[in-house]
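# Observations on chain architecture
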Amino acid sequence: MTQPPTFILSCTWALGIGGTTMMPLLVTNAMARLHLDEGQATMLTGAEMIGMLAGCIVLPSLARRAPTALTTGALLLLALCQAACVLVLPVAVFSVLRLVAGLCEAQMIVMVGICLACHRDAERLWGLVLLLSGLAVAGVFTLLTLFPDAASGAAVWQGLALMTAVLGAVAIRVPSLMPERPAGAEVGRQRGMAEIWLAWGVFVGVYSVQAGVWAVSALQGERIGLTLPQIGVLLSVSSLLGFFGAVVPAIPALAARRGLTVIGALAVMFASVACFFTAHDALLFFVGQLMLNAAFYTIMAVLNSFISAQDRDGTLLSRSVVVTFAAVALGTVGAGELFQDAGGMGVIVFALLALTGSVPLGLKALRRTANVSASPVL
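Note that the structure is a prediction, hence the values are computed from the model and not measured. (Residues numbered from 1 in each chain as written. Predicted model: local features only at pLDDT ≥ 70, side-chain atom pairs only at ≥ 80, totals over all residues. Heavy atoms only, no water.)

So, about the overall build of the chain. On a plain count of helices and strands, the chain comes out with 14 helices and zero strands. Ordered by position from N to C terminus, the α and β elements of the chain give α-α-α-α-α-α-α-α-α-α-α-α-α-α. Over its C-alpha atoms the chain spans a radius of gyration of 20 Å, differing by no more than 12% from the 21 Å that the globule rule assigns to 378 residues. Overall size of the chain, expressed as C-alpha extent along the three principal axes, is 55 × 45 × 35 Å. (Helix = DSSP H or I, 4+ residues; strand = E, 2+ residues; numbered from the N terminus. Rg over C-alpha atoms; globule rule 2.2 N^0.38 Å.)

Structure (structure tokens):
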């Protein structure tokens, strides 16, 4: 049976974000199985991020020239890397495997960016792709947290290997969705680069807050008396449900109000951070994280579609991923230091400054909607 294009794109994007979405579990697992401290485990799994970063820089032009060969090779290598990590390996070998896995994940991200570049219906498609891919990855994440030895056994890598094999059987068809590169691509891109830079500024603010809260979420849970298994389940379920925020921009009443949608989501993000770090029980801890995730993916659906509308070959989306790595690093380090020195209030102030700074950037970037030609394939 022929799969719908949106389903193919969703499976491809899910494989691209699998490692980053499950990073907290991967860090914990590396600590337990390889007998590393938290800093060493974070650096080890950070090799995967380096691979993704390098891939998003070098792969866009190569992917257009040989999409089928690169996608097939990346899927096979990704499955092999995930399966090999089931074994207890030397740290150096494990690092190389994660580096290669990140490079393969970047190829998946690049292919989705190419397929959605210059698409008239990008906003609706991005909402569905983020939702379906998020449900797939977060669903696997949630299931893995239910295993008693998920933090120390091989189940997490077995789950990733199985997910790669199942989704890869669909994602391998993504090259068939590639549109033709339109004429005048470079002229169109340069004309819209001012707005792209503003949108990247919003990326920095939003991702730094999201990553910062995620980085200290377990510490906040322990402060209010939750156990690590409880924290894992609450965070994974809130992540799973939060992906439904990606379809909010497609609501008819909001479809023509991108700027207001982003501003409203930024306000919800700040309220969620305040709720999360002033929580004294599991309910507010869960609600704060849920609303933060939902607002975050609402913003991502708008910004990704906006960038795709200006894009011509998937390069801009790949560059956006590079920007997010800088934001994630900023948020993770900044929130960690603030949480240690000033507690939850320090992170709340950090979020207020970052999100407030994103408001004028978002309003200016989204002040006009670009009309682009739709890809005939999708």
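Moving on from the model shown.
Taken as a whole and judged by the stated rule, the model has one salt bridge. Here Arg 98 ties to Glu 48 by a salt bridge, and the two come within 2.9 Å at their closest N and O atoms. With a gap of 50 residues between them, Arg 98 in helix α5 (residues 91-116) and Glu 48 in helix α3 (residues 38-65) connect regions that are remote in the sequence. Side by side, Arg 98 and Glu 48 carry an identical accessibility label, which is buried. (Salt bridge = Lys/Arg side-chain N within 4 Å of Asp/Glu carboxyl O. Buried < 20%, exposed > 50% of the residue type's maximum accessible area, 1.4 Å probe, protein only.)

Along the polypeptide, Ser 320 turns up in helix α14 (residues 315-365). With near-sequence residues (within four places) excluded, Ser 320 lies in contact with Trp 200, Phe 203 and Ile 307. (Contact = heavy atoms within 4.5 Å.)

On to a nonpolar patch on the surface, then. Judged by side-chain polarity, Val 268, Leu 283, Val 287 and Met 291 come together as a nonpolar surface patch covering roughly 320 Å² of accessible area. With three residues, helix α13 (residues 282-310) is the single largest residue contributor to the nonpolar patch. Following the sequence through the fold, Val 287 ends up in helix α13. (Patch = residues over 30% accessible without salt bridge, like charges linked within 9 Å, V, L, I, M, F, W, Y side chains within 5 Å. Areas by Shrake-Rupley, 256 points an atom, 1.4 Å probe, with all protein chains shown as cover.)

A word on the environment of Ala 30. Locating Ala 30 in the fold gives a position in helix α2 (residues 23-34). Taking the C-alpha atoms as reference points, Ala 30 and Leu 130, separated by 100 residues in sequence, lie 28 Å from one another. Those residues in contact with Ala 30 that sit more than four places away from it in its chain are His 35, Leu 36, Ala 41 and Leu 44.

Compared with an ideal rise of 1.5 Å per residue, which puts 24 residues at 34 Å, helix α6 (residues 122-145) spans 33 Å between its outermost C-alpha atoms and is within 8% of the ideal. Within α6, 18 of the 24 residues are buried, which leaves it mostly tucked inside the rest of the structure. (Expected span 1.5 Å × (residues − 1).)

In the contact formed by helix α9 (residues 193-223) and helix α12 (residues 258-277), the axes pass within 11 Å of each other and the chain directions differ by 15°. One element, α9, and the other, α12, form an angle in the roughly parallel class. Considering how the two elements wind past one another, α9 and α12 form a crossing that is left-handed. In this structure, α9 contributes Val 206, Val 209, Gln 210, Val 213, Val 216, Ser 217 and Gln 220 to the contact, and α12 contributes Leu 266, Met 269, Val 273, Phe 276 and Phe 277. (Axes fitted to C-alpha atoms, helices over the stretch in contact; angles between N-to-C directions. Parallel < 35°, antiparallel > 145°, perpendicular 65-115°, else oblique. Left-handed = near helix turned anticlockwise from the far one by under 90°.)

Using the criterion set out here, one finds zero disulfides in the structure. Free of any disulfide, Cys 11 has its nearest neighbouring cysteine sulfur in Cys 115, separated by 13 Å. Judged by relative accessible area, which is 3%, Cys 11 ranks as buried. (Disulfide = S-S within 2.5 Å.)

With respect to the element layout, Leu 78 can be found in helix α4 (residues 67-84). C-alpha of Leu 78 to C-alpha of Leu 103: the two residues are 25 residues apart in sequence and 8.7 Å apart in space. In this view, Leu 78 contacts Leu 15, Ala 101, Cys 104, Glu 105 and Thr 164; residues no more than four positions away in its chain are not counted.

Along the chain, Thr 164 falls in helix α7 (residues 155-171). When sequence neighbours within four positions are dropped, the list of residues in contact with Thr 164 reads Leu 15, Leu 75, Leu 78, Ala 79 and Gln 82.

Core analysis: the biggest nonpolar cluster contains 118 residues, and Trp 13, Met 22, Trp 126, Met 269, Phe 277 and Met 300 have the highest contact counts within it. Setting aside chain neighbours within four positions, we find Met 22 in contact with Val 137, Val 140, Phe 141, Leu 144, Leu 160 and Met 163. (Core = buried A, V, L, I, M, F, W, Y, C linked by side-chain atoms within 4.5 Å.)

Another aspect to go through is the confidence of the model for the chain. Mean pLDDT over the chain stands at 84; residues scoring 70 or higher make up 92%. The lowest-confidence element of the chain is helix α8 (residues 185-191), averaging 47 in pLDDT; the highest-confidence one is α4, averaging 95. Confidence drops under a pLDDT of 50 for residues 370-377, and excluding neighbours within four residues, the segment shows 18 contacts in the predicted structure. (pLDDT = per-residue confidence, 0-100.)

Moving on, we get to the packing of aromatic side chains. Under the defined criterion, the tally for this structure stands at ten aromatic pairs. Judged by centre distance (5.1 Å) and plane angle (80°), the rings of Trp 197 and Trp 200 are edge-to-face. Here Trp 200 and Trp 197 lie together in helix α9, a separation of three residues that amounts to about one turn. For Trp 197, a relative accessible area of 59% puts it in the exposed group. Pairing Phe 276 with Phe 285 gives two aromatic rings, centres 4.7 Å apart and planes at 35°, and the pair type is tilted. Classification of Phe 276 as buried rests on a relative accessible area of 1%. On the basis of relative accessibility, which here comes to 0%, the residue Phe 285 falls in the buried class. Through a chain of ring-to-ring contacts, three or more aromatic side chains come together here, namely Phe 203, Tyr 207, Phe 243, Phe 296 and Tyr 297. The ring of Phe 339 has Arg 223 lying over it, and the distance from NZ or CZ to the ring centre is 4.2 Å. (Phe/Tyr/Trp six-rings, centres within 6.5 Å; stacked < 30°, edge-to-face > 60°. Lys NZ or Arg CZ within 6 Å of the ring centre and 35° of its normal.)

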